[in-house]
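Results of the structural survey
Here is what each chain is made of, one letter per residue.
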Amino acid sequence: MTCIIGGGREFVFNIHGETNCRHRGDIIIPQTTKTTWVLIADGARARILERIGPVGALHPAMASEYTAPNKPTREFGTDRPGRVVESADSARHAMEPRVDWHRFEKQKFARAMAEIIDRAAAEKAFDRLVVVAPPKTLGDLRAAIGAPARRLIAAEINKDLTKVPDHALAAQLADIA
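Below, the structure is looked at part by part. Since the model is a prediction, treat every value here as computed from it, not as a measurement.

The interhelical angle for the contact between helix α1 (residues 101–122) and helix α2 (residues 135–144), taken along N-to-C directions, is 50 degrees, at an axis separation of 8 Å. Considering the angle they form, α1 stands oblique to α2. Every pair of crossing elements has a handedness; the one defined by α1 and α2 is right-handed. Where α1 abuts α2, its residues R103, Q107, A110, R111, M113, A114 and D118 lie against K136, D140, L141 and A144.

In structure tokens form, the structure reads like this:
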């Protein structure tokens, strides 16, 4: 494989003169280089990091960190819970809400992150995926990520590393990513 640099762009050709590369903005990456995405998420915050090659540094794959409004459960439903009357006597009890809205919002955020991962997998933006999340969020992501992206999952880590700065993540993920 020969790399030719011209006009500020890098072109990669195989021995037959065909390009065997993947375009990523202004960067063209040879297909032989494995790209690993690391999804670090909890129920309301996520970021996607990328490593190109086996020993490359982790850097953001997306422009920003993803966040969801993390309001307390009491702010999702302002009405008092419904009341139920006992049939045997005149006692009245409050009914438990059927949905924990806080948990529902976390599941919705996990589905949104899974859509991003599924879209990127369809575009072949990465070859391997490492998912790092607390246990409940990890389960939500497992359920929401589509089959093509699920096949690319190389590792799952049940830790909350969303508050760990990027420079400290390399030590946490040295064996996996």
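Now for the pairing of strand β5 (residues 35–41). For β5, the buried fraction is high: 7 of the 7 residues fall into the buried class. Side chains T35, W37, L39 and A41 of β5 all project onto a buried face; the interleaved residues T36, V38 and I40 project onto the opposite face, where all are buried too. Where β5 and strand β6 (residues 45–52) come together, 7 bridges link them in antiparallel fashion. Its bridge partner being in β6, W37 is matched across the sheet by E50. Here β5 folds back onto β6, and the loop between the two strands holds 3 residues.

So, on to the pairing of β6. Among the 8 residues of β6, 6 are classified as buried, and the element is accordingly described as predominantly covered. Pairing between β6 and strand β8 (residues 66–67): 2 bridges, direction antiparallel. From the neighbouring strand, R45 faces β8, where its bridge partner is T67. Bridging between β6 and strand β7 (residues 59–60) involves 2 bridges; their strand directions are antiparallel. The partner of L49 across the bridge, within β7, is P60.

Rules used throughout
- Along each chain, numbering runs from 1 in the same order as the chain's sequence is written.
- Predicted model: local features are reported for residues with pLDDT of at least 70 only, side-chain atom pairs are reported and counted for 80 or more only, and whole-chain, interface and lining totals are derived from all residues.
- Side-chain numbers come from the whole structure's heavy atoms, not from hydrogens or water.
- Axis geometry follows a simple rule: fit a line to the C-alpha atoms, using only the stretch in contact for helices, then measure angles between N-to-C directions, giving values from 0 to 180 degrees.
- Helix numbering and strand numbering both begin at the N terminus, where a helix is a DSSP run of H or I of at least 4 residues and a strand a DSSP run of E of at least 2.
- Angles are sorted into four bins: roughly parallel if under 35 degrees, roughly antiparallel if over 145, roughly perpendicular if 65 to 115, and oblique for all others.
- Here is the rule for handedness: rotate from the far helix to the near one, and if that takes an anticlockwise turn smaller than a right angle the crossing is left-handed, while a clockwise turn gives right-handed.
- Only heavy atoms enter the contact rule, under which two residues are in contact if any of them lie within 4.5 Å.
- Here's how the labels work: a residue is buried when its accessible area is under 20% of the maximum for its type, exposed when over 50%, partly exposed in between, all with a 1.4 Å probe on protein chains only.
- Two strands form a pair only when DSSP identifies at least two bridges running between them.

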